[in-house]
Structure formats: structure tokens, C-alpha cells
Amino acid sequence: MTSVKEFRVDEPATADGLGRGRFVFTDAYSVFDWGQMPDAIPNKGASLCAMGAFNFELLEREGIPTHYRGVADPNRDADAAGEGEPDIVPLDEATAPPTEMAIDLAQVPDLPYEGPHAGYDYDAFHAAGGENYLVPLEVVFRNRVPVGSSLRRRADPADFGLDDLAGADGEWPDEPVDLPEPVVEFSTKYEQQDRYLTRAEADEIAGVADVDALESLARDVNRVVTERAEAAGFVHEDGKIECLYRDGELRVADVVGTFDENRFSYGGRGISKEVVRQWYKANDPDWVEAVKTAKESVAGRDIDDWRELCDESPDPLPPAVVDAVSDLYAAGTNAYTGREWFDVPDIEAALDSVDDL
């Protein structure tokens, strides 16, 4: 199980072929790479499943290959007689908000950690993965630099031709900044702490998968999601994809274009799990600082799991915050997909509730 969705394998991937399985989306959530937090957000799992399926089907119609095969209709019998998977349907045939997504599977080899000096053994990963593996990278695309974006710590406005927007000290302004062109970056996927990579590092970690092709695929996904967001009244700020590689072909994997994987805004107000991150920064700063300290302390040690060094645990969210965030996920999914999956206030009212927290 990942921190927010269960992973079921029906047919395991092999060196020669893709497997089959399902994501089961739960109402769990994660912030600051902690893993599963102490409470749950109702309707979050179904919101992400519906929104992810909607985007996968958009990509497929645009000729962009993915590992998506459909969603499980909660009102169909998965064990009914017949060929295939009788409960798996296209999203528009689902009679209720789905929480299961059928997917193709690639191999995911172990990534050995060899200690602080040797680091991670990607040679072993690729030797085991061969020509059929999940690429151990996240490919990040950015259309805007919101307040809180990590790009503000790693680059200056001048790096993107935005000298006129920089302050006297060359720093980013205190409001979101639109980029002249989308920016694509690469970060690690399976290391205990995500780190951004140079293109040469990404090329090495990608294995036989071509880094230029990964970038091109990310730009295509960004274009499709951005166009849909605009049509639904959203601004698509940033996001990421993961990919599987099999015999020279790349496919978009994991989940695409949800409020967990991407940042969207509506009427100038942000819609993503950044809302929860900011709540913890304001209301549970001791835990946030302990997480930061643990991540820094793991450097130079023989272990790579910084959580073992964290001496604080997160507080649960208050019920009012849980309710407001739940409505935000559900209302945002209704608006983005153009279908009333959930009986919740509209997106403007949901944003107003979050603003009042």
C-alpha cells in the first residue's frame, strides 16, 4: 500500500510482459512525505480516482499512451460470469463515484541503498528491470511559480527571463508568477527523500528510457491537462508524471492531473493538498520542524529512512478542516470533470469555507 492508495496485483509483470492490477483509492492523505496521516478525508479517494480517470481518458483520445484500463463501477458485480473484468468500464459509464482504477503493471525492482557514500544502486535496479520497468523518476512540469513552490528556492526569476518581476535583491515577488514557457524538471522517485536532478543525472537514472522522450511526454500531458483546466475555469499551475518503459515504448503511469499530483487554482485561489500543508505549518509547527530536522539529519548515515529520526508525530486535523477539505476535493472534481459526482456545495462555496479556516 502507498500512503494514499492500495495497490492490488492480479497478474504480476514479468521480464517479458506487462501485468495487470488495480489502484484502490482511499481517503488517507500524506503531506511532507510523511506517509499516511492520522485521520482521513471523506470522498478524497473517489475524487482522485474520478479526476485521474477523466484525465487518462483525455490523454488516450489525444493518442498519448497510458497504463489506464478503466474504472470499477461500484454497482457492477466484479465476480459475474463472463470474459475479462465485468466491473471495469469507461468513466462515463460509471454509475457512482469510483474508487478503483484498472491499470497495466511494469516491473518495479528494489532500489538498494549502499550507504551515504555509495548512495543508491541504480545499476542493480536496471539490471533487474531490463526492458520492462517503472522509470525511477518523476517528471515535473511548471506553468506558474506559486508561493510555496520549491522552484523559488532553487532558481531566480532571471533564470527564466523574468528580471522585470524580481525584487531589488533579485528574489521572487510575493505572488504567483506565470512562466513564459513551461519548465520541465526531473526528480527521484524511489529515494527516501526526493531530490531534483541535473539532466545528465536524470538520463543516467532513467536507464534505457530516453530522457528527451520523457520530457516530450510530460509536455504533451501538461498541454492536455492545461487545456482541460482552462475549459473548466481552472488554472493549471504545475504537476508531474511517472512513466513505465517496455521494449522501447513509454506510457504515462501512476495517476495524472489530480489535486494531489498537480496544483490548480480557481479564481485566484489554490486547490490542492497545499491547503493541508499550510494548515500544518500554521498549527503544528513543532512537527513540521521535526520533519525538516530529521530529513537533514539522515545525511551521512547508513540509514536512508529519515522517519526513524523524527521525534514528533502529526496532530489530527480538526473536524471543521476535514469537512472543508473534503468538500474542496469533491467540488473541484465536479467542476473539473463537468459531472456532479458528489452532493456538495459548488466550488466557490467550498473555497470560501477553506478561506475561513
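Shown above is the structure to which this text applies.
Now for a description of the structure that goes with this document. All values derive from a computational prediction rather than experimental measurement.

**Concerning the pattern of salt bridges**
Counted under the stated rule, the structure contains 37 salt bridges. A salt bridge links K5 to D254, with the shortest nitrogen-to-oxygen separation between them at 3.4 Å. Taken as a pair, K5 in strand β1 (residues 5-11) and D254 in the loop between β11 (249-253) and β12 (263-266) lie far apart in primary sequence, 249 residues in all. Look at D254 and you get buried, because its relative accessible area is 12%. Residues E242 and K240 are paired through a salt bridge, measuring 2.6 Å at the closest nitrogen-oxygen approach. Through salt bridges with shared partners, a single ionic network connects E6, R8, R20, R22, R69, E85, D87, E100, D104, E249 and R251.

**Digging into empty space enclosed by the protein**
Scanning the model with the defined rule gives one cavity of 30 Å³ or more in all. Residue lining of the largest cavity: V4, K5, F25, L48, V255, T258, D260 and E261, and that is the complete set. For the lining of the largest cavity, the residue count by class is four nonpolar, one polar and three charged.

**Some thoughts on helix α9 (residues 347-355)**
Residues I347, A350, L351 and V354 constitute the buried set of α9. For α9, the buried positions fall inside an angular range of 100° around the axis, keeping them on one side. The inward-facing, buried residues of α9 contact β10 (234-246), β12, β13 (269-271), α6 (274-283) and α8 (319-337). With a side-chain oxygen positioned 3.2 Å from the backbone nitrogen of E348, the residue opening α9 is D346.

**A look at the environment of A253**
Here A253 shows up in strand β11. Along the primary structure A253 and R223 are separated by 30 residues, whereas in three dimensions their C-alpha atoms are 17 Å apart. Apart from the residues lying within four places of it in its own chain, the contact partners of A253 are F56, H67, L134, E242, C243 and L244.

**What about the packing of α6 against helix α7 (residues 285-297)?**
Here α6 crosses α7 at 105°, and the two axes come no closer than 5 Å. If you check the angle between α6 and α7, you find them roughly perpendicular. Packed against α6, whose contacting residues are Y280, K281, A282 and N283, the element α7 presents P285, W287 and V288 at the interface. Residue composition of the contact of α6 with α7, by class: five nonpolar, one polar and one charged.

**Re the packing of aromatic side chains**
Centre distance and the angle of the planes are the two values used to describe a pair of aromatic rings. The final tally for this structure, using the stated rule, is 21 aromatic pairs. Here F7 and F23 contribute two aromatic rings whose centre-to-centre distance is 5.9 Å and whose plane-to-plane angle is 45°, an arrangement assigned as tilted. Of the two residues, F7 is situated in strand β1 and F23 in strand β2 (residues 19-25); the sequence distance between them amounts to 16 residues. Clustering of aromatic rings is evident, with ring pairs tying together F54, F234, F259, F264, Y266, Y329 and Y336. Here the basic side chain of R228 rests over the ring of Y336, its NZ or CZ set 5.9 Å away from the ring centre. The cationic tip of K295 hangs over the ring face of W306; the distance from NZ or CZ to the ring centre is 5.1 Å.

**Regarding the side chain of T66**
Checked against the element boundaries, T66 lands in the loop between α1 (44-61) and β3 (68-72). Of the polar contacts made by the side chain of T66, one reaches the side chain of E60; its length is 2.6 Å. A polar atom in the side chain of T66 sits 3.1 Å from the backbone nitrogen of Y68.

**What to know about the nonpolar core**
Grouped together as the largest cluster of nonpolar side chains are 93 residues, with contacts concentrated most on V135, F234 and Y280. The dominant element in this core, judged by the number of residues it contributes, is α1, at 10 residues.

**Observations regarding the layout of surface pockets**
Counted as a void, the second largest pocket has a volume near 520 Å³. Every residue lining the second largest pocket is counted, 22 residues in all, and those nearest its centre are R269, G270, E274, V275 and Q278. Elements represented by at least two residues in the lining of the second largest pocket include exactly β12, β13, α6 and α9. If you tally residues by element for the lining of the second largest pocket, the top one is α6, at four residues. In terms of residue class, the lining of the second largest pocket is made up of 10 nonpolar, six polar and six charged.

**Quick notes on the sheet that holds β3**
Strand order in this open sheet of five strands is β1-β2-β5-β3-β4, and the pairing throughout is antiparallel. Unpaired on one side and paired on the other, β1 and β4 (88-89) mark the two borders of the sheet. Relative to strand β5 (residues 100-105), β3 is paired through three bridges, and the arrangement is antiparallel. Residue V71 lies in a different strand from β5, and its bridge partner there is M101. Across the sheet, α1 is in contact with β2, β3 and β5; its angle to β3 comes to roughly 145°.

About the cut-offs
- Residues numbered from 1 in each chain as written.
- Predicted model: local features only at pLDDT ≥ 70, side-chain atom pairs only at ≥ 80, totals over all residues.
- Heavy atoms only, no water.
- Salt bridge = Lys/Arg side-chain N within 4 Å of Asp/Glu carboxyl O.
- Helix = DSSP H or I, 4+ residues; strand = E, 2+ residues; numbered from the N terminus.
- Buried < 20%, exposed > 50% of the residue type's maximum accessible area, 1.4 Å probe, protein only.
- 1 Å grid on protein atoms, 1.4 Å probe; cavity = no way out; pocket = protein on both sides within 12 Å on 5 of 7 lines; lining within 4 Å.
- Points joined across faces, edges and corners; volume = space filled by probe spheres on them.
- Nonpolar A, V, L, I, M, F, W, Y, C, P; charged D, E, K, R; others polar.
- Arc of directions from axis to C-beta.
- Contact = heavy atoms within 4.5 Å.
- Polar contact = N/O pair within 3.5 Å; in protein donor to acceptor, adjacent residues only side chain to side chain.
- Axes fitted to C-alpha atoms, helices over the stretch in contact; angles between N-to-C directions.
- Parallel < 35°, antiparallel > 145°, perpendicular 65-115°, else oblique.
- Phe/Tyr/Trp six-rings, centres within 6.5 Å; stacked < 30°, edge-to-face > 60°.
- Lys NZ or Arg CZ within 6 Å of the ring centre and 35° of its normal.
- Core = buried A, V, L, I, M, F, W, Y, C linked by side-chain atoms within 4.5 Å.
- Pairing = 2+ DSSP bridges.

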